[in-house]
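# Commentary on secondary and tertiary structure
The lines below spell out each chain.
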Amino acid sequence: MDAEERLAVFIDYENLALGAREHLGGMTFDFGPIADALAVRGRVVVRRAYADWSYFDEDRRALTRHQVELIEMPQRMGASRKNAADIKMVVDAIEMAFERDYISTFVMCTGDSDFSPLVHKLRELNKRVIGVGVELSTSRLLPPACDEFLFYDRLEGVDVPEPGESKPSRSSRPARRARGRGKAASSDAEAAAEATEPAEAQVEATATDEDKPAASSAKSGARRTTRKGAKTAPEPQPEPAPAEEPDEDEQDTDENDDVTEGPTMEVRVAQTLGDLESSTSGDVTASALKRALLRKDPTFSESEYGFRSFGEFVRYLADRGIVELGTGPATGDPSVSLPAQGDTAEAFALLRSVVAEDGGSAAMSGLKDQLRKKRPAFSEKTLGFRGFLQFCKAAAEAGVVELRWDDDEDGYVVSAA
């Protein structure tokens, strides 16, 4: 435990949320992929997000589910706009660097170059700094200042829409909340433009973008598996949008409405192992893999899958070809690695075979999960694609499959060529 990195995460929420909305097809920012990426890098002991939360009302519940402490900093004082959240974030980071010696790594989630002096000062204090930002809204000055920089749109679990296509938000919310977010978007523009363009006009523009067809990549959940095989839960049905703004009591009662079941444990292990291999220089041991799994899901226990020890669990995965085992530094702690994944042509062939087994045609929504049932370690990002839709389009251009928009399915349909 003492050898583990201890991370403190500071989130400039307005920068990331608006960056995702403006540069990633209107998609809603999700902290989950960042949490998973950091879990393989160390133990996160502090998570704080800074914003004027009156502009991000519906985002607060999602952050709370990830145990993020919300720091409320009003950004407007009369007719002027303040940068109180940025200043508070800098003060807290410096204070923590001096008072908590056990924190070895600071994670600054922002693309604003104004934080570069803070990054330099933290490194002077012998702290490691990891930056996180949306690629197109990140200043070119910030990544070189950090020890490591993660672009949000390249993280596993972030499906970036194609240009000209909008990513649907978490759910269809009442217009009053949309107006609140529209005001937040306008607050990031210059004051002159803000004074001449009403917030309601920006909301109408956002609504127009969201009317375009979007590639739904909703992942169907899967139940936990035993040695007898995996059982897949039925795909959740979308709930109708509320007719009017719910009151505070109703908001509390439906707090878990957006919660869906995660991927199968085989997929979870493969994703975690892939992240560990990419972030570490040496071999990944079984004990390190289990620590990373526990950081992602503290309730994980191999006994729930019918195994007496974690070593027995990884041997079972090795027998199924999901992982490969080697000699570790200690007896009973083998090294664990992913088998060779093949090239793009092999991945295209896998896509075609899965579609053919599904009757020759399948909705793209949920198709990625079907591929992972065949190959749990599948990830289009390791093949150089930024999203599953781009992967399917590349397969269509190669003549392996056909891709078309289906109004009845309200999404793309993939057919075997």
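Sequence positions are assigned chain by chain, starting from 1 and proceeding in written order. Whole-chain, interface and lining totals are the exception, using all residues; otherwise, since this is a predicted model, local features are given only for residues with pLDDT of at least 70 and side-chain atom pairs are given and counted only at 80 or more. Each side-chain value is worked out from all heavy atoms of the structure, with water and hydrogens disregarded.

## With respect to the packing of helix 13 (residues 344–357) against helix 15 (residues 388–397)
Where helix 13 contacts helix 15, the axes come no closer than 10 Å and their chain directions differ by 95°. Comparing their axes, helix 15 and helix 13 come out roughly perpendicular. Residues Ala 347, Phe 348 and Leu 351 of helix 13 touch helix 15, and the partners they reach there are Phe 391, Cys 392, Ala 394 and Ala 395. Ten residue types, Ala, Val, Leu, Ile, Met, Phe, Trp, Tyr, Cys and Pro, are classed as nonpolar, four, Asp, Glu, Lys and Arg, as charged, and the remainder, Gly among them, as polar. Partitioned by chemical class, the residues of the contact of helix 13 with helix 15 number 7 nonpolar, no polar and no charged. Note on geometry: axes are lines fitted to C-alpha atoms, helical ones only across the stretch in contact, with angles between N-to-C directions running from 0 to 180 degrees. Each helix corresponds to a stretch of at least 4 residues labelled H or I by DSSP, and each strand to a stretch of at least 2 residues labelled E; elements are numbered beginning at the N terminus. For this classification, under 35 degrees means roughly parallel, over 145 means roughly antiparallel, 65 to 115 means roughly perpendicular, and everything else is oblique. In what follows, a contact means two residues having at least one pair of non-hydrogen atoms within 4.5 Å.

## Considerations on the sheet that holds strand 12 (residues 361–363)
In a beta sheet, neighbouring strands pair by backbone hydrogen bonds and run either parallel or antiparallel. Pairing between strands is defined by DSSP: at least two bridges between them are needed. Pairing is antiparallel in the open sheet, where 3 strands are placed in the order 12-14-13. For this open sheet the edge positions go to strand 12 and strand 13 (401–406), each flanked by a neighbour on one side alone. This sheet shows a mean twist of 25° between the axes of neighbouring strands, independent of strand direction. Pairing geometry for strand 12 and strand 14 (residues 411–416), over 3 bridges, is antiparallel. Directly across from Ser 361, in strand 14, lies its bridge partner Ser 415. On top of the sheet, helix 15 reaches strand 13 and strand 14; it is set at about 125° to strand 13, its chief contact.

## Looking at the environment of Leu 317
By the secondary structure assignment, Leu 317 is in helix 12 (residues 310–319). In the structure, Leu 317 is positioned 48 residues away from Val 269 in sequence and 9.2 Å away in space, judged by C-alpha atoms. Non-local contacts of Leu 317, meaning those with residues more than four positions away in its chain, are made with Glu 266, Val 269, Ile 322 and Val 323.

## Quick notes on the layout of surface pockets
Roughly 440 Å³ of volume is contained in the second largest pocket. Method remark: on a 1 Å grid restricted to protein atoms, a set of points is classed as a cavity if a 1.4 Å probe fits but cannot get out and as a pocket if it is open with protein on both sides within 12 Å along at least five of seven lines; lining residues have an atom within 4 Å of a point. Val 40, Arg 41, Gly 42, Thr 280 and Arg 295 are, among the 19 residues lining the second largest pocket, the residues nearest its centre. For the lining of the second largest pocket, the elements supplying multiple residues, two or more each, are helix 10 (265–279), strand 9 (284–285) and helix 11 (286–296). Partitioning the lining of the second largest pocket into residue classes produces 6 nonpolar, 5 polar and 8 charged. Grid points are joined across faces, edges and corners, and a volume is the space filled by probe spheres set on the points.

## Section: the sheet that holds strand 7 (residues 128–133)
With parallel pairing, 6 strands are arranged side by side in an open sheet as 3-2-1-6-7-8. A single partner strand is all that each edge strand has here, and the edge strands are strand 3 (69–72) and strand 8 (148–151). Across the sheet, the mean angle from the axis of one strand to that of its neighbour is 20°, orientation sign disregarded.

## Some words on the nonpolar core
Core analysis: the largest hydrophobic core is formed by 32 residues, its most contacted members being Ile 11, Tyr 13, Phe 29, Phe 31 and Ile 34. If we ignore the near neighbours within four places in the chain, the residues touching Phe 31 are Val 9, Ile 11, Arg 47, Leu 63, His 66 and Val 68. By nonpolar core we mean a set of buried residues, namely Ala, Val, Leu, Ile, Met, Phe, Trp, Tyr and Cys, connected to one another through side-chain atoms within 4.5 Å. Accessible area is worked out with a 1.4 Å probe on protein chains only. A residue is then buried under 20% of its type maximum, exposed over 50%, and partly exposed in between. Core analysis: the second largest hydrophobic core is formed by 25 residues, Phe 115, Val 119, Cys 146 and Phe 149 among them.

## Some remarks on the packing of aromatic side chains
Aromatic rings considered in pairs are described by the distance between their centres and by the relative angle of their planes. Between 30 and 60 degrees the pair is tilted, below 30 it is stacked and above 60 it is edge-to-face, where a pair is any two Phe, Tyr or Trp rings, Trp via its six-membered ring, whose centres lie within 6.5 Å. Following the criterion strictly, the structure yields 20 aromatic pairs and no others. For the ring pair Phe 10 and Tyr 50, a centre distance of 6.3 Å and an interplane angle of 20° mean the geometry is stacked. Within this pair, whereas Phe 10 is found in strand 1 (residues 6–12), its partner Tyr 50 is found in strand 2 (residues 43–51), the two being separated by 40 residues in sequence. By relative accessible area, Phe 10 is classed as buried at 0%. Arranged with centres 6.2 Å apart and planes meeting at 50°, the rings of Phe 300 and Phe 313 form a pair that is tilted. With Phe 300 in the loop between helix 11 and helix 12 and Phe 313 in helix 12, the pair connects residues that are 13 residues apart, well separated along the chain. Phe 313 matches Phe 300 in its accessibility class, with the two residues each being buried. Among the aromatic residues, those joined into a cluster by ring pairs are Phe 300, Tyr 305, Phe 307, Phe 310, Phe 313 and Tyr 316.

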